[in-house]
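Structure assessment
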Amino acid sequence: MSLIALDAIPAREAHGRQVAESVELRLDRFYGRLDANADGVLNRQGDEVPARVWDRIEAGGVDVGDGTVDRVGFGEALIDQVRWFGIASLVPAVVALGLAFWTRDVLLSLFAGIVSGSVVKFFQARFSTGLWVPKELDFISDFFLKALGSESYATILLVYLWFLGGILGVWGRTGAARHFAEVVGSKVVRGPNTARFFAWIVGMVFHQGGTVSTVLAGSTIRPVSDRNKVSHEELSYLVDSTASPAATVLPFNAWPLYVGGLIAGTTTAAIGNFVLVPNSRVGSDWFFWSVPFNFYGILAVFSTLLFSFGLLPWYGSKMRRAVERSRTTGELDAPGAQPLVDLEAMEGSPEQGYPVSLIDFLVPLGILLFLAIVPLAVLKTNMINHAFFFSTASAILIAVLKGMPLKTAMNGFLDGCRNMTVGAIILGLAVTLGQVSKDLDTAGFVVSIFGSWLPAALLPAMLMISCMIIAFSIGSSWGTYAVIFPITVPLALTLAANRAGIDPMTLGQVAAAGGAAWTSILFFVKVCFGAVIGGAVFGDQCSPISDTTVLSSMFTGCDVMDHVTTQVPLALAVAGVGALISTGLVLIF
């Protein structure tokens with residue numbers, strides 16, 4: 001263990017059992033957490049309390065029970081007791097979100113949120129142990145290195161930034177994406193509304209997930225929508241609302257497999273250890289069964305369609321101003337807007353004389369969609385990473401076979417990667433802030449607020465609200481699912497049984513017998529399941545620290561905070577309607 005600067009342990013005049021237990025508890029709570037790895041297992045190489053601390057304990061004559069403190073046992077006990085940060089766990093999210101709305105500077109806001117997390121840990125150590133522990137301020141080792149060295153960030157960097165940035169750079173040299181937009185757009189687009197409808201269609205086609213959809217749809221549609229005076233706020237809303245929401249409504253992607261794995265084996269002693277979801281395959285089936293009850297996802301996709309046709313009755317004042325500004329003045333961004341990247345520079349200029357055709361765009365896209373969908377649907381194998389690699393490689397190969405020098409094609413690839421630098425930094429900060437929230441158990445605290453006092457009829461709406469808050473705070477729907485589902489399924493089963501007048505301990509027998517009672521219980525759980533799926537998607541879609549928010553802003557040329565502040569009112573209205581429908585269904589049936 002690193003050397004730690006310690007204040008003197010407060011002097012105590014009494015040396016009885018109460019004082020000894022207090023000293024033991026304060027020190028052990030801290031050292032147990034400090035030395036535990038991610039799985040809660042002590043690191044045996046450095047889990048001993050420093051000698052200087054033992055000297056102070058022994059010099060004070062501290063007695064624990066019937067003997068002196070056992071150094072080995074002392075270092076092994078009570079590992080988890082200091083991990084509960086309570087309301088302080090909200091500080092990083094509040095700092096990041098507050099600064100984002102106040103300064104409109106996402107980089108600064110995310111960094112400040114990360115640093116504030118280390119400050120929380122620093123003072124938590126002091127309050128729990130009576131010790132000043134400078135090591136807790138090491139946000140680089142505790143947060144950055146842990147998050148940026150993770151598989152999730154490596155995937156983002158490799159797939160979503162290098163491969164996607166690379167293929168966009170190649171398409172910039174060949175003119176493929178622009179050619180596709182011009183050819184297809186000319187057959188569909190006749191003005192702002194049809195341009196928005198075209199954006200909706202493309203977003204629904206690219207429904208593999210939030211990050212995939214936002215990048216491909218945004219980069220494809222923007223040239224067409226720009227020519228038809230569709231503001232970047234409108235386009236980013238269309239792209240974002242047909243990303244994650246569409247992925248949960250058309251779940252031919254990795255979402256069912258992920259959620260199925262999370263809830264496999266979900267059980268609780270309170271219901272007689274009844275297992276509703278015995279394995280991940282059944283868990284995936286539950287995802288599909290919940291689609292009709294994912295009212296936020298369904299309404300988000302439908303309201304975006306109405307928006308594209310200009311039929312949505314309420315836009316929100318800021319979105320309405322964006323629409324009026326772009327139509328009357330041609331200004332696609334609000335005054336003072338600061339887009340994350342220069343899309344014109346990133347897209348570049350096509351090579352002179354290159355014989356661009358739809359093949360340059362459709363073949364890489366077809367490979368991407370085929371490898372992303374077919375192995376998952378047929379073999380239950382997720383090949384999304386390979387899909388991006390082969391898609392990018394095919395774009396380069398087609399360009400070379402059609403006469404472009406290999407060096408020129410590779411330079412286009414590298415230019416695309418270079419232009420993603422800002423995105424890589426922002427997403428790295430977002431992933432790191434997610435690590436902070438995980439370490440401080442922000443989601444767990446939010447869940448604990450609601451407890452088990454809810455009436456059954458309000459459970460779906462409250463689950464949805466909880467997921468909205470958690471996902472908005474941590475910027476991740478999948479992270480929210482990981483926290484919520486292990487709690488949701490047992491809670492929903494218990495309340496459903498009580499509501500039906502059934503002893504939860506007998507659910508196994510009720511399930512085996514089937515009948516109307518079991519059908520009613522399953523219906524209630526499906527409504528709750530859909531509420532969780534939709535609520536988490538709302539938070540992920542609307543949070544300024546979410547990767548989908550950042551990428552949809554980036555690839556539509558929109559200022560991040562302009563996108564957030566124009567989208568949130570529309571999404572909130574949809575979420576409110578969805579919560580009301582969930583509550584109404586439970587009350588009626």
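All values reported here derive from a predicted model rather than from experimental measurement.

Another point: the overall build of the protein. When you go through the protein residue by residue, the secondary structure sums to 28 helices and 0 strands. Considering the protein as a whole, with its 589 residues, one finds that 55% of them fall into the buried category. Looking at the protein alone, contacts between residues at least 24 apart form 79% of all its contacts between residues at least 6 apart. Entry remark: accessible area of the protein is about 23800 Å², with carbon and sulfur atoms responsible for 65%.

A word on the packing of helix α11 (residues 232–241) against helix α15 (residues 295–309). Between α11 and α15, whose axes approach to 9 Å, the crossing angle comes to 150 degrees. Put simply, α11 runs roughly antiparallel to α15. The element α11 and its partner α15 pack so that their crossing is left-handed. Residues Glu-234, Tyr-237, Leu-238 and Ser-241 of α11 form the contact with α15, whose participating residues are Val-301, Ser-303, Thr-304, Phe-307 and Ser-308. Broken down by class, the residue content of the contact of α11 with α15 amounts to 4 nonpolar, 4 polar and 1 charged.

A word on the confidence of the model for the protein. Note that predicted coordinates carrying low pLDDT should not be read in detail. With 77% of its residues at a pLDDT of 70 or more, the protein has an overall mean of 77. Highest mean pLDDT in the protein belongs to α15 (94); lowest belongs to helix α3 (residues 71–76) (40). Every residue in residues 1–24 scores below 50 in pLDDT, and together they form 45 contacts with partners more than four places removed in sequence or on other chains. Segment residues 29–49 is flagged for pLDDT under 50; beyond a separation of four residues in sequence, or across chains, it makes 55 contacts in the model.

The subject of this paragraph is the pattern of salt bridges. Taken as a whole, this structure holds 10 salt bridges when the rule is applied. Residue Arg-327 is joined to Glu-234 by a salt bridge in which the shortest nitrogen-to-oxygen separation is 2.8 Å. Of this pair, Arg-327 sits in helix α16 (residues 317–329) while Glu-234 sits in helix α11, placing them 93 residues apart in sequence. In this structure Glu-234 comes out as buried when scored by relative accessible area, which is 0%. One network of salt bridges, in which partners are shared, links Arg-173, Asp-415 and Arg-418.

Definitions and limits used
Residues numbered from 1 in each chain as written. Predicted model: local features only at pLDDT ≥ 70, side-chain atom pairs only at ≥ 80, totals over all residues. Heavy atoms only, no water. Helix = DSSP H or I, 4+ residues; strand = E, 2+ residues; numbered from the N terminus. Buried < 20%, exposed > 50% of the residue type's maximum accessible area, 1.4 Å probe, protein only. Contact = heavy atoms within 4.5 Å. Areas by Shrake-Rupley, 256 points an atom, 1.4 Å probe, with all protein chains shown as cover. Axes fitted to C-alpha atoms, helices over the stretch in contact; angles between N-to-C directions. Parallel < 35°, antiparallel > 145°, perpendicular 65-115°, else oblique. Left-handed = near helix turned anticlockwise from the far one by under 90°. Nonpolar A, V, L, I, M, F, W, Y, C, P; charged D, E, K, R; others polar. pLDDT = per-residue confidence, 0-100. Salt bridge = Lys/Arg side-chain N within 4 Å of Asp/Glu carboxyl O.

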